[in-house]
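Secondary and tertiary structure notes
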Amino acid sequence: MNKFSLNGMSVDILDAVNTRNSSHQRPMTNNNSISPVEPPHALNALLNIDDARRLAGQLMMVRITVTRMDDDLAHFLRAHHIRAVCLFRNNMTDEVQLKKLTADLRAVMGPEALIALDQEGGAVVRPTWIPQPPSAMALGASDDADLCYQVGAAVARNIKALGFNWNFAPVLDLNNNVDNPVIAERSFGADPQRASTLALAWMDGSLSEGVACCVKHFPGHGDTNVDSHRALPTVNKSLAELQAMEFAPFQNAVSRNAPAMMTAHIVYPALDAENPATMSPTILTHLLREQWQYRGVVITDGMDMQAIAGRYGVGNAAVRALLAGADMVMAIGSREAQTETLAALTEVILSGQISYQTVQQKLQRIRQLTDAYPCIDTDYLTDAADRALMAHAWQRGLTSAGEPQAPAKGSRVRLVIRADAVSDGVSEAGITADKVASMLADLYDVETVTFSDAEQFDWQSLPLDDRFVILASTVRKRYGERVRRSWKPDLHLVLWNPFHMLDIQAPALITYGFAVPAIAAVRAWLAGEVGAQGNIPVDISGYPPDKHV
């Protein structure tokens, strides 16, 4: 009987046709109709539901909720042929546990496993016990491409030894909107060419150590004031403006053969007024693939984000993303949402709306990624050297604004700081008040005043005495008008979002992050051991004119 090979399976043609024409129940997509971008194809008609499900599972990445492999997870991954997983902080406790988890994932998913994380640096890191890399903007402040290369390589050495082969970094979004609630210090800067040089040096360092990078968020998330985790942003710029700014870093990445690119859940009306980039054939196929000739893997940002899930539904959105040109969808929502995504992708493959040949092209690009950057077991032998590198890099980024002066050693100081350390949903939780107070107590007589909500706190209640007042800003959220107009300290320690310096009219020391080596750099500056030589890689001259120092 005639047979043909289907993705490594030997399939009987008559059996396949009979199965395809049988009355089996097939999972359905979201009720929103999908207009096919391709006509149904003959090879798709030979697929049965198990064939289609096998293909669908290889086109998605999932999030898991456990810290160790269990029978339920192993069965889910194997049954659905999933070979890509993204891990987060809740999946990690320590090195031994994490290495065991990633090893078990490799064993279940096979030699083409993709085990990913977001280890950008700064506040966006997942394992927090390893040498902590500076944020992109701290590296932008140092303006040293060789240092960026070294940091990227050190990050890769770290995470490779923990079992990862794909890092969703570096960020190529430009820092061209100080009101952006989610990018800020995650960007290397505002100038497209300089930001590209630094970010792609970081990428080259990672690639040199055998860890794939995924540049993000194409075609640019920098100039928004809406967080796509919570709503759907729009970038209302002309094509000429996009080409001059947002596009430039990504075009540079294409020319440097970046192995993977992540899409943005943002609408760009000049390109496609109807669809966010993640679901836009105009952006992903016509622009990225056809005009720019990009040949790497295209993966979506998390499809659980409200910009997508809350508006389109996860299954429907996943289908539209693949039809638009994405190779892999990031299904990092609940198990229920992942199952819905699998069902929708299975149905669209069975229906022929996406051709078997197109699916194979997507899988081939993914296979090329895993071939070039395999997930392997390796030892980490450079911990001490990498910690020294990271400390040096954080120190190089220290930036002053308004000629800040440190109080003399032994001075009476008052620390004003938020009481708790909160995450913004993307980053790890910020530094707690007691840790900042402990650092200052090495040098000063410290009194600490904490608040829970900057907008509700009575800033006028702070004593007017001889204590030197230090405000430490330790969250991403910007200050409101009430704080801006009512009070200012003697020194502002900007320990997370650098644009807090625009909110408080006081001399500032900016770290671009709150990792242990960043706080150590602050202490060294206060003690007069180091200077603040960094330059903020953003033009802040007009944001706003009566507030900057």
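Structure first, text after, so check above.
Notes on the structure in this doc start here. (Residues numbered from 1 in each chain as written. Predicted model: local features only at pLDDT ≥ 70, side-chain atom pairs only at ≥ 80, totals over all residues. Heavy atoms only, no water.)

Overview of empty space enclosed by the protein
Quick reminder of the rule: Here a cavity is any set of points on a 1 Å grid over the protein atoms alone where a 1.4 Å probe fits but cannot get out, and a pocket is any open set with protein on both sides within 12 Å along at least 5 of 7 lines; a residue lines the site when it has an atom within 4 Å of a point. Grid points are joined across faces, edges and corners, and a volume is the space filled by probe spheres set on the points. Three categories are distinguished: nonpolar for Ala, Val, Leu, Ile, Met, Phe, Trp, Tyr, Cys and Pro, charged for Asp, Glu, Lys and Arg, and polar for the others, with Gly belonging to the last.
A full pass over the atoms with the stated rule returns 4 cavities of 30 Å³ or more. If you add up the space inside the largest cavity, you get close to 50 Å³. Around the largest cavity sit Glu-120, Ala-136, Leu-139, Ala-169, Pro-170, Val-171, Arg-186, Phe-188 and Trp-202, which together line it. Across the lining of the largest cavity, the residue classes break down as 7 nonpolar, no polar and 2 charged.

Here we look at helix α13 (residues 314–324)
Applied cut-off: Only protein chains enter the calculation, and the probe is 1.4 Å; a residue is then buried if its accessible area is under 20% of its type maximum, exposed if over 50%, and partly exposed in between. We count a stretch as a helix when DSSP gives it H or I for four or more residues in a row; a strand needs E for two or more, and each element gets its number in order from the N terminus.
Of all 11 residues in α13, 10 are buried, a share of seventy percent or more. Those residues of α13 lying buried are Val-314, Gly-315, Asn-316, Ala-317, Ala-318, Val-319, Ala-321, Leu-322, Leu-323 and Ala-324.

Some thoughts on the environment of Met-261
Structurally, Met-261 is set in strand β9 (residues 260–263). Relative accessible area serves as the criterion here: at 1%, Met-261 is assigned to the buried category. For the pair Met-261 and Pro-170, spaced 91 residues apart in sequence, the C-alpha separation works out to 9.9 Å.

Concerning unusual backbone geometry
Note the cis peptide between Ala-169 and Pro-170, where omega equals 0°. Inspection of the secondary structure puts Pro-170 in the loop between β6 (166–167) and α8 (192–208). The phi dihedral of Glu-403 is positive, around 55°, even though this residue is not glycine. Here Glu-403 shows up in the loop between β14 (399–401) and β15 (412–418). Notably, Tyr-512 is not glycine yet its phi reads approximately 70°, a positive angle. Here Tyr-512 lies in the loop between β19 (508–510) and α19 (516–526).

Focus: the packing of aromatic side chains
What counts here: Put simply, two rings from Phe, Tyr or Trp (the six-membered ring, in Trp's case) pair if the centres are within 6.5 Å, and we call them stacked under 30 degrees between planes, edge-to-face over 60, tilted for the rest. Whether a charge sits over a ring comes down to the Lys NZ or Arg CZ being within 6 Å of the ring centre and within 35 degrees of the ring normal.
Considering all chains together, one arrives at 9 aromatic pairs under this definition. An angle of 35° between the planes, with centres 5.6 Å apart, marks the rings of Phe-451 and Phe-457 as tilted. Looking at Phe-457, the relative accessible area reads 15%, which means it is buried. Geometry around Phe-88 places Arg-63 over its ring, the cationic atom sitting 3.8 Å from the centre.

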